[in-house]
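Chain by chain, the residues run as shown.
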Amino acid sequence: MNTAPRQKCLVEFQLAEQPLRPGEVAIVGAGPGDPGLLTLRALMLIQQADAIVYDRLVSPQIMELVKPGAERIHVGKASGCHFVPQDETNDLLVKLAIQQRRVVRLKGGDPYIFGRGGEEAEFLVENDIDFLVVPGITSAAGCSSYCGIPLTHRDYAQSVTFVTGHRKADHSLELNWQVLAAPGQTRVFYMGLHNAPTIVRELTAHGLDGNCPVALVERGTTPLQHMTVTTLNGLVDTINREDFQPPTLIIVGEVVQLAEKLARPAQSGWHSALTNRTAITGGRLPA
């Protein structure tokens, strides 16, 4: 029998592309908050950057990974209160690139899913700035998984739709409600707290049962995670009673009823520290 100590195996990660170059902008998804959900490519670029332009949804734990000496520029936005207007953020990225800085535009979730990454990429192209995009785990996928909610399931949801819960410049929320109310799907509303009454009214008016399960997930995958399960009819009361604040996802669909069964508080060392306050409220869920 071989009793020799087992040799420690080291895994080396090699990237296909060259390191971030001076004058180049990397638009990077930071995921929903847990630093363990960063991609390896995202981590590499964060640690190479001379300047990090980041939004308010990037968790403090991820910002701790930025290399010492890098300039950190906060351009965070909140609904109805923009810390830095989008036009100024676009100009800033170009200015930093012209200065031959290695720039990372760091965004919560995925930059191309309700992250305005497409708008910023367009502006960089128009100004002849080299850029690359690194996808991130979008909030819908990360938060739902941490709360025990599979976005698709053969018995409950054969499709999933990501929906914006607010419009540019506070325009009315005009969506294809007939399609969203159809059975057999999961609907995930980003930034939908303000328009929750509209969501309830339109979905029920177009045929979705008011007892349909709904999950609210505030600051998912972070130590401040707050998750509650209610029903469509109880959604607005639950938001007010529990004082949900942005960023909060609204997940509507039969898959939500699996949350209590599938949630695992010790999913990871990071996740085990979550203060995950979970409740079933707002009316009885379907059996």
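From a predicted model like this one, the values you see are computed outputs, not experimental measurements.

### Notes on helix α5 (residues 139-146)
Every α-helix carries 3.6 residues per turn, so stepping three or four residues along brings you back to the same face. Counting buried positions along α5 gives 6 out of 8 residues, so the element sits mostly inside the fold. For α5, every residue scored as buried is listed here: Ser139, Ala140, Gly142, Cys143, Ser144 and Tyr146. Buried residues in α5 make contact with β8 (159-164), β9 (185-190), β10 (213-218) and β12 (248-252).

### Considerations on the sheet that holds strand β3 (residues 71-74)
With respect to topology, 5 strands assemble into an open sheet ordered β3-β2-β6-β1-β7, the strand pairing being parallel. Lying at the two open borders of the sheet, with one neighbouring strand each, are β3 and β7 (131-134). Neighbour-to-neighbour, the strand axes of the sheet open up by a mean angle of 20°, direction not taken into account. Sheet topology note: the strand β2 (residues 51-54)/β3 ladder contains 4 bridges and is parallel. Bridge pairing links Val53 to Ile73 in β3.

### Section: the side chain of Glu218
Checked against the element boundaries, Glu218 lands in strand β10. Buried Glu218, no salt bridge; nearest opposite-charge side chain is Arg219, N-O distance 4.4 Å. At a separation of 3.3 Å, a polar atom in the side chain of Glu218 contacts the main-chain amide nitrogen of Gln245. Here Glu218 is in contact with Leu224, Gln225, His226, Asp243, Phe244, Gln245, Pro247 and Thr248, once residues within four sequence places are set aside.

### Observations regarding the pattern of salt bridges
Tallied over the full model, the rule gives 8 salt bridges. Of the charged contacts, one joins Asp50 and Arg102 as a salt bridge, the two residues approaching to 3.7 Å between their closest N and O atoms. Placement of Asp50 in the loop between α1 (40-48) and β2 and of Arg102 in the loop between α3 (86-98) and β6 (103-107) is noted, with a sequence separation of 52 residues between them. Salt-bridge contacts for Lys107 lead to Glu120; the nearest nitrogen and oxygen are separated by 3.2 Å. In this pair, Lys107 is assigned in strand β6 and Glu120 in helix α4 (residues 117-126), connecting sequence segments 13 residues apart. As far as the burial class goes, Lys107 and Glu120 line up, both buried. Because the salt bridges share partners, they merge into one network encompassing Arg21, Glu24 and Asp130.

### What about the packing of aromatic side chains?
If you walk through the whole model with that rule in mind, you get 3 aromatic pairs. Seen in terms of ring centroids, Phe162 and Tyr190 are 6.0 Å apart; in terms of plane orientation they differ by 65°. Their pairing is edge-to-face. Taken together, the residues span a long stretch of sequence, with Phe162 in strand β8 and Tyr190 in strand β9 at a distance of 28 residues. Since its relative accessible area comes to 31%, Phe162 is described here as partly exposed. Note on Tyr190: relative accessible area 7%, which makes it buried. Here Trp177 and Phe189 contribute two aromatic rings whose centre-to-centre distance is 6.4 Å and whose plane-to-plane angle is 20°, an arrangement assigned as stacked. With Trp177 in helix α6 (residues 177-180) and Phe189 in strand β9, this residue pair connects regions lying 12 residues apart in the sequence. When sorted by exposure, Trp177 lands in the same class as Phe189, which is buried.

Each value, and the rule that gives it
Residues numbered from 1 in each chain as written. Predicted model: local features only at pLDDT ≥ 70, side-chain atom pairs only at ≥ 80, totals over all residues. Heavy atoms only, no water. Buried < 20%, exposed > 50% of the residue type's maximum accessible area, 1.4 Å probe, protein only. Helix = DSSP H or I, 4+ residues; strand = E, 2+ residues; numbered from the N terminus. Contact = heavy atoms within 4.5 Å. Pairing = 2+ DSSP bridges. Axes fitted to C-alpha atoms, helices over the stretch in contact; angles between N-to-C directions. Lys, Arg positive; Asp, Glu negative; His and termini not counted. Salt bridge = Lys/Arg side-chain N within 4 Å of Asp/Glu carboxyl O. Polar contact = N/O pair within 3.5 Å; in protein donor to acceptor, adjacent residues only side chain to side chain. Phe/Tyr/Trp six-rings, centres within 6.5 Å; stacked < 30°, edge-to-face > 60°.

Geometry only, nothing functional implied.
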